[in-house]
Amino acid sequence: MTVSDVKYDILGIGNAITDILARVEPAFLQKQGLTPGSMTLIDADRANTLQALLAPEQIMGGGSVANSCVVAAQFGARVAYLGKVARDDAGKQFTEDMRGNGITFPSAPLNTQVFDNLPTARCIVMVTPDGQRTMATYLGACTCFTPEDVLPDMIADSSIVYLEGYLFDPPHAQEAFRRAAALAHAAGRKVALSLSDPFCVGRHRQAFLDLVKGHVDILFANEDEICALYETENFDIAARHTAQDTTFAALTRSGLGSVVLHDGQMTKVAPVPTQVVDTTGAGDAYAAGFMAGLTSGRTLPECGRLASVAASEIISHYGARPLSNLWEEMGF
């Protein structure tokens, strides 16, 4: 899949978030009433309380699709991003981080005359010794992403428009997704979606199903997310439903690798073995590698291999951004 008349290979649309990573013990999560492996939405006071109890390992630009954009850019893809930040230090840091990674970021900061003066979002990522991450997210300015923030020229200039499931909570963000999908298809572009989180899927199952069936060309999900979408604990059943509802999906299964469904055919992709340190961003990296491969004209097995290498690199260290050159990892 290569498109010569576009400026960007991938346009990400998602929650623009500052990530705060810290190591914790399982007992800490239990004491704080947090479900291991989940993403919980919190308010500003709760975010301040949690952050005060932790010793951060890293503070960096983040958000699921923003992380995908950074990884895809490392693979040589031409990448742009739309997301909402405030006119504060965190918003400035996020903007500089994205642009410093070679990503076009044209979104205007939050208009405080229209919205409350919300700060830039932050996600407190708590990593237990087994590498699992539990996230508590204050969305702040992210909740103010509206259909007006979907820039038609950017959509038309992008081969794949990649939507973040985490952004699906506010009703006007759902409207923004549908507008982005409509603009993309009118311009002959593809729409990709990440389900992002099983709890997010549970909150909006029917809306997600409608989006997948009617607006999405490429679906990314892990085993828990796709099973949540189809209300089953059996992956094979969920995969069959997926194949009925969309012609293209990449479903990850942790240590079992991944499965790519395309036009009724199934391709199994082996995982790349590594020492698991922190699973934060594994799915984001997988999607990035896959789309970078797809937009550069690679075969589906090659796309799966790129995706698996990217995910393997990410989970081998703390944080959701690559520490090594991913092209070198692939031997290019």
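Calculation notes
- Residues numbered from 1 in each chain as written.
- Predicted model: local features only at pLDDT ≥ 70, side-chain atom pairs only at ≥ 80, totals over all residues.
- Heavy atoms only, no water.
- Pairing = 2+ DSSP bridges.
- Helix = DSSP H or I, 4+ residues; strand = E, 2+ residues; numbered from the N terminus.
- Axes fitted to C-alpha atoms, helices over the stretch in contact; angles between N-to-C directions.
- Contact = heavy atoms within 4.5 Å.
- Parallel < 35°, antiparallel > 145°, perpendicular 65-115°, else oblique.
- Left-handed = near helix turned anticlockwise from the far one by under 90°.
- Nonpolar A, V, L, I, M, F, W, Y, C, P; charged D, E, K, R; others polar.
- Expected span 1.5 Å × (residues − 1).
- Buried < 20%, exposed > 50% of the residue type's maximum accessible area, 1.4 Å probe, protein only.
- Phe/Tyr/Trp six-rings, centres within 6.5 Å; stacked < 30°, edge-to-face > 60°.
- Disulfide = S-S within 2.5 Å.
- Core = buried A, V, L, I, M, F, W, Y, C linked by side-chain atoms within 4.5 Å.

A. Up close: the sheet that holds strand β6 (residues 121-127). One open sheet holds the five strands; their spatial order is β3-β7-β6-β2-β4, and the pairing between them is mixed. Of all strands in the sheet, those bounded by a partner on one side alone are β3 (39-41) and β4 (58-62). Within this sheet the neighbouring strands show an average axis-to-axis angle of 25 degrees, counted without direction. The pairing of β6 with strand β7 (residues 133-138) spans six bridges and is classified as antiparallel. Counted as the bridge partner of Val127 is Arg133 from β7. Packed onto the sheet, helix α2 (residues 44-52) meets β2 (17-23), β6 and β7 and runs at close to 40 degrees relative to β6.

B. Examining the packing of helix α3 (residues 64-74) against helix α11 (residues 282-295) more closely. Where α3 contacts α11, the two axes come as close as 8 Å, and the packing angle between them is 45 degrees. With respect to each other, α3 and α11 are oriented oblique. Relative to α11, the crossing made by α3 is right-handed. Seen from α3, the contacting residues are Ser64, Asn67, Ser68, Val71 and Ala72; seen from α11, they are Asp284, Ala285, Ala287, Ala288 and Ala292. The residue makeup of the contact of α3 with α11, split by class, is six nonpolar, three polar and one charged.

C. Region of interest: helix α12 (residues 300-315). A rise of 1.5 Å per residue sets the reference length of α12, with its 16 residues, at 22 Å; its end C-alpha atoms lie 23 Å apart and thus fit the reference within 8%. Counting buried positions over the 16 residues of α12 gives 13, a clear majority of the element.

D. Local environment of the packing of aromatic side chains. One pass over the structure, following the stated rule, counts nine aromatic pairs. A ring pair is formed by Phe248 and Phe290, whose centres lie 6.0 Å apart and whose planes are at 75 degrees; its orientation type is edge-to-face. Residue Phe248 is located in strand β11 (residues 248-252), and its partner Phe290 is located in helix α11; the two are separated by 42 residues in the primary sequence. We classify Phe248 as buried; its relative accessible area is 9%. Three or more aromatic residues link up through ring pairs in this structure, and these residues are Tyr162, Phe220, Phe248, Tyr286 and Phe290.

E. Fine view of the state of the cysteines. A full pass over the atoms with the stated rule returns zero disulfides. Counting only cysteine sulfurs, Cys142 is the nearest neighbor of Cys144, a cysteine outside any disulfide, at a range of 8.9 Å.

F. Spotlight on the nonpolar core. Counting 43 residues, the largest nonpolar core has Ile13, Leu193, Leu195, Ile226 and Leu229 as its most contacted members. No other element matches helix α6 (residues 171-186), which puts six residues into this core. Ignoring sequence-local partners within four residues, the contact set of Leu229 consists of Leu195, Val201, Arg205, Phe208, Leu209 and Val212. Counting residues in each nonpolar core, the second largest holds 41 residues, with Val65, Ile103, Phe248 and Ala287 among its members.

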